[in-house]
Amino acid sequence: MNIKNLDDLKKFTDEIRSQAGYKDPIAFAIGRSIKGKSAKTISVNYAVVNMNENYGSAAVLSWAIEKNGIKIDNSGSEFVAPINSAITADALNVFDFLLDECEGDKHKNVQNLLVIDEILNDGEMENDVEFIVTFLYNDDAPKSVEAVYLKLYLLSLNKAEIRSLNLNGAFGLLPNLAWDSDGNPHELDHLRENEIWLKMKGWYPNIVSVDKFPRYLNHIIPSDNTRILDSAKVRMGAVLAPGTTVMPGASYINFNSGTTGPVMVEGRISSSVSVGDGSDVGGGASILGVLSGTNGNPISVGKRCLLGANSVTGVPLGDDCIIDAGIAILEGTKIYISDKEALEKVNPGFKFDKEIYKALELANLNGIHYRQNSQTGQITASISKRAIKLNADLH
């Protein structure tokens, strides 16, 4: 093999990709797999993840893996292979002409291989750790912990949109773990069986949570203008657009949910919920998830919306909507329309032909201000006249 430049590399990878039975992965990543006492993976750290990109790197990895006696099965949706020093050496031999350029944002997959090769050859490996590569060939429900983590990374690194990946069955695949203050996982059985020894040695870990999902900040470096004031408030697999601020207190963002632009979050964004650019989720406000009262219908909140303190929404909102503090807008909530003409102007495709609607019938409409008459208790919908604008200095 004599690969001296990018043209040689392309020719080499094109040959691999043109072979009968070869399939480009839709996503792949090299990871550090942490094993439990049963030798099964309990969590994975990926430093570089790829989605619909870097097919040449995937081809080189596939070639090096098969060269070392591991047959890649791409007939299913995913394949996980161990990475050893022979595989890294063969892959790095292909990339040899690029090694002097591997710094910063250049050739990150090769940088990843270089670090792993150094660790493997220095004998620094822990007994419960293995390096692996995970290939996803289509977006079926995940079948392994490695695949679940790769999908969570794709979401939290903004390489995949909210609700765009199949995570069915993820809860059943992930073990329930104790997470310490350094983000390390511990099997609960291990802590129980070794409790006396760990405590008497002073080695008992500082456990901060017990969950199947790690915290977002244990795996993700957020953008410079994203603020998360309490690491417990964002679960791994959440999608945070740059400029999002997550305050402490009642705030929370679940996995496979999040923001599509700068958003102030002081309330709860449940699973599968999407909140639009410039919106403000007020203190203690709740946006219901697919398992908490929406009949499985995922909720989106549009741009420049305001959810008042302790309000609740169980229906999707369009742009420029307001729900006053303390009001619950659920699918069956009866809403009196008090400003038909103005609402029709901002929703030209919707004809307001009656006075009272169920809230679900008003889903995704723009410019609605939901209020409650303090004397009668009636919930009303009128045109929103307030411009919701976040403080630019905070986002």
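Refer to the structure presented above.
Notes on the structure follow. Position numbers for residues start from 1 in each chain and track the written sequence from start to end. Local features in this predicted model are restricted to residues whose pLDDT is 70 or higher, and side-chain atom pairs enter the listing and the counts only when it is 80 or higher, whereas totals over whole chains, interfaces and linings include all residues. Hydrogens and water are ignored here; the side-chain numbers use all heavy atoms of the structure.

### Section: the sheet that holds strand β5 (residues 177-180)
Phase 1 of the analysis: On the basis of which strands lie adjacent, the open sheet formed by three strands has the order β6-β5-β7 and antiparallel pairing. Pairing within the sheet leaves two strands with one partner each, and these edge strands are β6 (185-187) and β7 (207-211). Sheet twist, expressed as the average angle between the axes of neighbouring strands with direction ignored, equals 30°. When DSSP locates at least two bridges between a pair of strands, those strands are taken to pair. For the purposes of this entry, the term helix denotes a DSSP run of H or I that reaches at least four residues, the term strand denotes a run of E that reaches at least two, and both are numbered from the N terminus. For helices, the axis comes from a line fit to the C-alpha atoms of the stretch in contact; other axes are also lines fit to C-alpha atoms, and the angle between any two N-to-C directions lies between 0 and 180 degrees.

### Structural notes on the sheet that holds strand β18 (residues 306-307)
Phase 1 of the analysis: Spatially, the ten strands line up as an open sheet ordered β8-β9-β12-β15-β18-β20-β24-β25-β22-β23, and their pairing is mixed. In the strand order of this sheet, the two ends are held by β8 (227-228) and β23 (356-358), each with one partner.
Phase 2 of the analysis: In the sheet, strand β24 (residues 368-372) pairs with strand β25 (residues 379-383) via five bridges, with the strands oriented antiparallel. Among the inter-strand pairings, H369 is bridged to a residue of β25, identified as S382.

### Description of the packing of helix α1 (residues 6-17) against helix α2 (residues 55-67)
Phase 1 of the analysis: Between α1 and α2, whose axes approach to 9 Å, the crossing angle comes to 65°. It follows from the interaxial angle that α1 and α2 lie roughly perpendicular. Where α1 crosses over α2, the two elements pack in a sense that is left-handed. Residues L9, F12, T13, I16 and R17 of α1 form the contact with α2, whose participating residues are Y55, G56, A59, V60 and W63.
Phase 2 of the analysis: Each residue is assigned to one of three groups, with Ala, Val, Leu, Ile, Met, Phe, Trp, Tyr, Cys and Pro labelled nonpolar, Asp, Glu, Lys and Arg labelled charged, and all others, Gly among them, labelled polar. Of the residues that constitute the contact of α1 with α2, the class distribution is seven nonpolar, two polar and one charged. Convention used here: angles under 35 degrees read as roughly parallel, angles over 145 as roughly antiparallel, angles from 65 to 115 as roughly perpendicular, and any remaining angle as oblique. Note on convention: near helix rotated counterclockwise from far helix by under a right angle means a left-handed crossing. Clockwise means right-handed. The contact rule is simple, with two residues in contact once any of their heavy atoms fall within 4.5 Å.

### Let's talk about helix α5 (residues 145-156)
Phase 1 of the analysis: For a helix, the expected span equals 1.5 Å multiplied by the number of residues minus one. With twelve residues, α5 ought to run about 16 Å at 1.5 Å a step, and its terminal C-alpha atoms sit 16 Å apart, in line with that.
Phase 2 of the analysis: Counting buried positions over the twelve residues of α5 gives twelve, a clear majority of the element.
Phase 3 of the analysis: Burial status follows relative accessibility: with a 1.4 Å probe on protein chains alone, a residue under 20% of its type maximum counts as buried, one over 50% as exposed, and anything between as partly exposed. Within the sequence span of α5, burial applies to V145, E146, A147, V148, Y149, L150, K151, L152, Y153, L154, L155 and S156.
Phase 4 of the analysis: Each element contacted by the buried residues of α5 is listed here: β1 (27-35), β2 (41-51), β3 (78-82), β4 (129-136), α6 (170-173) and β5.
Phase 5 of the analysis: Remark: N158 follows α5 within two positions and exhibits a positive phi of approximately 60°.

### Section: unusual backbone geometry
For residues besides glycine, phi is generally negative; the peptide bonds are generally trans as well.
Phase 1 of the analysis: In this structure, A39 is a non-glycine residue whose phi angle is positive, near 70°.
Phase 2 of the analysis: Position of A39 relative to the elements: it lies in the loop between β1 and β2.
Phase 3 of the analysis: Take A39: its relative accessible area is 56%, and that puts it in the exposed class.
Phase 4 of the analysis: Phi angles above zero are rare outside glycine, and R163 is one such case at about 70°.
Phase 5 of the analysis: Relative to the helices and strands, R163 resides in the loop between α5 and α6.

### As for helix α4 (residues 108-122)
Residues spaced three or four apart along an α-helix point in a common direction, a consequence of the helix completing one turn every 3.6 residues.
Phase 1 of the analysis: Under the 1.5 Å per step criterion, the end-to-end length of α4 is 21 Å for 15 residues, consistent within 8% with the ideal 21 Å.
Phase 2 of the analysis: Within α4 the residues assigned to the buried category are N109, V110, N112, L113, I116 and D117. Buried residues of α4 fall within an arc of 150° about the axis and therefore sit on the same side.
Phase 3 of the analysis: In this structure, the buried side of α4 is in contact with β1, β2, α2, α3 (85-94) and β4.
Phase 4 of the analysis: Of the residues one or two after α4, G123 is the one with positive phi, at around 70°. The directions from the helix axis to the C-beta atoms form the arc being described.

### A closer look at the pairing of β2
Phase 1 of the analysis: In terms of burial, β2 is largely enclosed, as nine of its eleven residues are buried.
Phase 2 of the analysis: Note: β1 against β2, nine bridges, orientation antiparallel. Residue K35 lies in a different strand from β2, and its bridge partner there is T41.
Phase 3 of the analysis: Counting the residues in the hairpin turn of β1 and β2 gives five residues, including A39, whose phi is positive at 70°.

### Section: the nonpolar core
Phase 1 of the analysis: The set of buried Ala, Val, Leu, Ile, Met, Phe, Trp, Tyr and Cys residues whose side-chain atoms join them within 4.5 Å is what this entry labels a nonpolar core. Ranked by size, the top nonpolar core spans 71 residues in total, and within it Y46, I287, I329, I335, L362 and Y370 carry the most contacts.
Phase 2 of the analysis: Listing elements by their share of this core, those giving two or more residues are β1, β2, β4, α5, β5, β22 (334-337), β24 and β25.
Phase 3 of the analysis: Top element by residues in this core is α5. It accounts for nine residues.
Phase 4 of the analysis: I16, V60, F79 and V133 belong to the second largest nonpolar core, which has 31 residues in total.

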